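Report on the structure
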Amino acid sequence: MRTSRAALPILAGIFLGGGCHGSQSKCSQSTLEAILDSIPGTSINYVEEVPQDGAFGDAATNIPFPRNATGLPALCAASFNTKTPGNTSYNFGVFLPTNWNGRFLATGNGGFGGGINWIDMGIFSQYGFATMSTDTGHSSAPTDGKWGLHQPEKLINWGHRAMHGSVTATKQIVQSYYTGAIRFSYYAGCSTGGRQGLREIQLHPDAFDGVVVGAPAWWTTHLQPWTMKQGLTNAPANSPHHIPPPLFRIIADEMTRQCDAQDGLRDGIVSDPDGCSFDFNRLLCAGNKTACLTAAQIDTAERLYSNYLDAKQALVFPGISLGADAAALSAQPSTLGIDFLRYWVHNDSAWDYTAFAYSDVLLSERVDPGAATADDFDLSPFQSRGGKLIHYHGLADNLIPARSSRYFYDRVYRALTPRGIRVGDFYRLFYVPGMEHCMGSAAAPWYIGGGTQSVTGASHSVPGFADPEHDVILAIMAWVEGGAAPDKIVATKFRNDSVFAGVESQRPLCAWPLRAAYLGRGGVKDARNWECVEAGTDRAERGGSGSIFGRLTGESG
């Protein structure tokens, strides 16, 4: 395992078993029941001792997580239930490793799904964290929102209550179980998991010391109507303007062909989609051209990749980035939009989604089901107590447009900077060129060990590169515990997404507004041949001492 010098103090407490306060003999019903005496309304579902390299989960009944966590460290696994108003409740799971590192980490969910995320809990427990996940109070697939019909209390559980209650209870359980204080508390999640992390620090800024969120579905009241808009733009399937699913790959390939080299290097990765002058007309059928679009289909494609604006040209929701495959939400209206509006906003199972209009967006804003939308941009309470936030998003994300993260960042920046708060001192945004939703890319380095990310052969972290420069979990720890703010995080692409096949390429992800630029020498798949620069900077202007991020933004790096 290769580690950087900066990583050593942290890794010594994680991988070498430092801070162990527990004994597996404590893993019993009686021990946990005694702890719950101080947590009203919460009871034990089950408790089980898991041996080294064991497995745990509830795959047979867990709809969104239908496989168990495997290869676990020795730990105590337990599930709890907490009663909430309206004859509702939520469950949460806890992993208590024998070799505890003195830290707590919570993780999140996906979509509308209700299930305990034992899989990510297992990954993060490998570091030595005591880990937690909640089912948010129901059981469903990520795209199924029918359970929310006339269920306001269940929606509140999903929106924020189950996460906060589970975090609070788990902290008490952890400290009592190990008879020691939690040194630091962390969060890591992607998509809805990203939203959950942001919502928690907005409502409860003292919940976590460090938070890592990927592709957060933070703007719930606008994101779900946007998915509806996407599907209706390409409907009905028998219309002249409809783009069938196979053609979306052709569109994405043409975007890569035109936009790839515009970032200065032709490598199959669109690194600067917003800087690309894309010509949709090159997709037009003419002559003997077969892999092409009609004029009506090109009109549809332009609309799908454009921002959703209201009648006054104000932003409703950003469009997806050039180079992303739009098929996922454009082949037909998604239940992510239909169920949200039908069962949560209108509370009417007979609501006709084909009648969707901008007035539905306005109603969505007024209702804000479950108060889930994470749009409190004043993060100063979290910042003032020393909290740190790492935020990342794949530029090829076709489920949650990457520009929605830029919108969130901008709103935080504009809320805090006039008050003299240096945003870069506690919050940094990283775009991942070529990465799809939360994980995955055919060509680009994307793996940083974030929530929901996994590659074959890795139990956790980035094998061979378990240090804060390559692992986002170790990066947030280094920032919180050592003050080392990340100017960059090096992403890794393993061949066939398998550690056993070896590293294919690595590349730095740069803190916004910087971008990675090739130095012009050496292999392009080696991260050492790249640097983080301001957009538009040529090679002659690069170099100099100090933090590039700090020099550009005027903030300390």
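What comes next concerns the included structure. All of these numbers come straight from a predicted model, not from anything done at the bench.

To continue, consider the sheet that holds strand 8 (residues 184-190). Spatially, the nine strands line up as an open sheet ordered 1-4-5-7-6-8-9-12-13, and their pairing is mixed. Strands at the two margins of the open sheet, each flanked by one partner only, are strand 1 (42-50) and strand 13 (427-432). Ignoring which end each strand starts from, the neighbouring axes of this sheet average 15° apart. Here strand 5 (residues 88-97) runs beside strand 7 (residues 130-134); their pairing, made up of four bridges, is antiparallel. If you follow valine 94 over to strand 7, its bridge partner there is methionine 132. Contacting strand 6 (103-107), strand 8, strand 9 (210-214), strand 12 (388-394) and strand 13, helix 14 (residues 472-482) crosses the sheet at an angle of about 155° to strand 12.

This paragraph deals with the state of the cysteines. One covalent bond between the sulfur atoms of two cysteine residues makes up a disulfide. For the structure shown, the criterion picks out five disulfides. Covalently, cysteine 190 is tied to cysteine 438 through a disulfide, its sulfur atoms 2.0 Å apart. Its S-S torsion of about -100° marks the bond between cysteine 190 and cysteine 438 as left-handed, since a negative value means left-handed. Of this pair, cysteine 190 sits in strand 8 while cysteine 438 sits in the loop between strand 13 and helix 14, and the two are 248 residues apart along the sequence.

To continue, consider the pattern of salt bridges. Per the counting criterion, the structure on display carries 16 salt bridges. As a salt-bridge pair, glutamate 481 and arginine 103 come within 2.7 Å of each other at their nearest N and O atoms. In this pair, glutamate 481 is assigned in helix 14 and arginine 103 in strand 6, connecting sequence segments 378 residues apart. On the accessibility criterion, glutamate 481 (25% relative accessible area) is partly exposed. For arginine 103, a relative accessible area of 2% gives the class buried.

Our focus in this paragraph is the packing of helix 4 (residues 152-178) against helix 5 (residues 192-203). Put simply, helix 4 and helix 5 touch, their axes get as near as 9 Å, and they point 70° apart. Here helix 4 is positioned roughly perpendicular relative to helix 5, judged by the angle of their axes. Residues Trp158, Gly159, His160, Met163, His164 and Val167 of helix 4 form the contact with helix 5, whose participating residues are Thr192, Arg195, Gln196, Arg199, Glu200 and Leu203. Here the contact of helix 4 with helix 5 is built from residues that sort into four nonpolar, five polar and three charged.

This next bit is on the packing of helix 10 (residues 335-345) against helix 11 (residues 358-367). Where helix 10 meets helix 11, the closest approach of the two axes is 11 Å, and the angle between their N-to-C directions is 55°. On the basis of their axis angle, the class for helix 10 and helix 11 is oblique. Crossing geometry of helix 10 relative to helix 11 is assigned as left-handed. Where helix 10 approaches helix 11, its residues Phe340, Leu341, Trp344 and Val345 are matched on the opposing element by Asp360, Leu363, Ser364 and Val367. Looking at the contact of helix 10 with helix 11 residue by residue, the classes come out as six nonpolar, one polar and one charged.

Cut-off values and rules
- Residue numbering note: each chain is counted from 1, following its sequence as written.
- Only residues with pLDDT of at least 70 get local features here, since the model is predicted, and only at 80 or more are side-chain atom pairs given and counted; chain-wide, interface and lining totals rely on the full set of residues.
- Heavy atoms throughout the structure, all of them, feed into the side-chain values; hydrogens and water do not.
- In this description, strands pair whenever DSSP reports at least two bridges between them.
- Secondary structure elements are defined from DSSP: runs of H or I of at least 4 residues count as helices, runs of E of at least 2 residues count as strands, and each element is numbered from the N terminus.
- Angles run from 0 to 180 degrees between N-to-C directions of axes, and those axes are lines fitted to C-alpha atoms, restricted for helices to the stretch in contact.
- Pairs of residues are marked as contacts when any of their non-hydrogen atoms sit within 4.5 Å.
- Two cysteine sulfur atoms form a disulfide, by the criterion used here, when they sit within 2.5 Å.
- Here, a salt bridge means any side-chain nitrogen of Lys or Arg that lies within 4 Å of a carboxyl oxygen of Asp or Glu.
- Residue exposure (1.4 Å probe, protein chains only): buried if accessible area is under 20% of the type maximum, exposed if over 50%, otherwise partly exposed.
- Should an angle fall under 35 degrees it is called roughly parallel, over 145 degrees roughly antiparallel, and 65 to 115 degrees roughly perpendicular, with every other angle called oblique.
- Each residue gets one of three labels, nonpolar for Ala, Val, Leu, Ile, Met, Phe, Trp, Tyr, Cys and Pro, charged for Asp, Glu, Lys and Arg, and polar for the others, Gly among them.
- Helix crossings are classified by the rotation of the near helix relative to the far one: an anticlockwise turn of less than a right angle makes the crossing left-handed, while a clockwise turn makes it right-handed.

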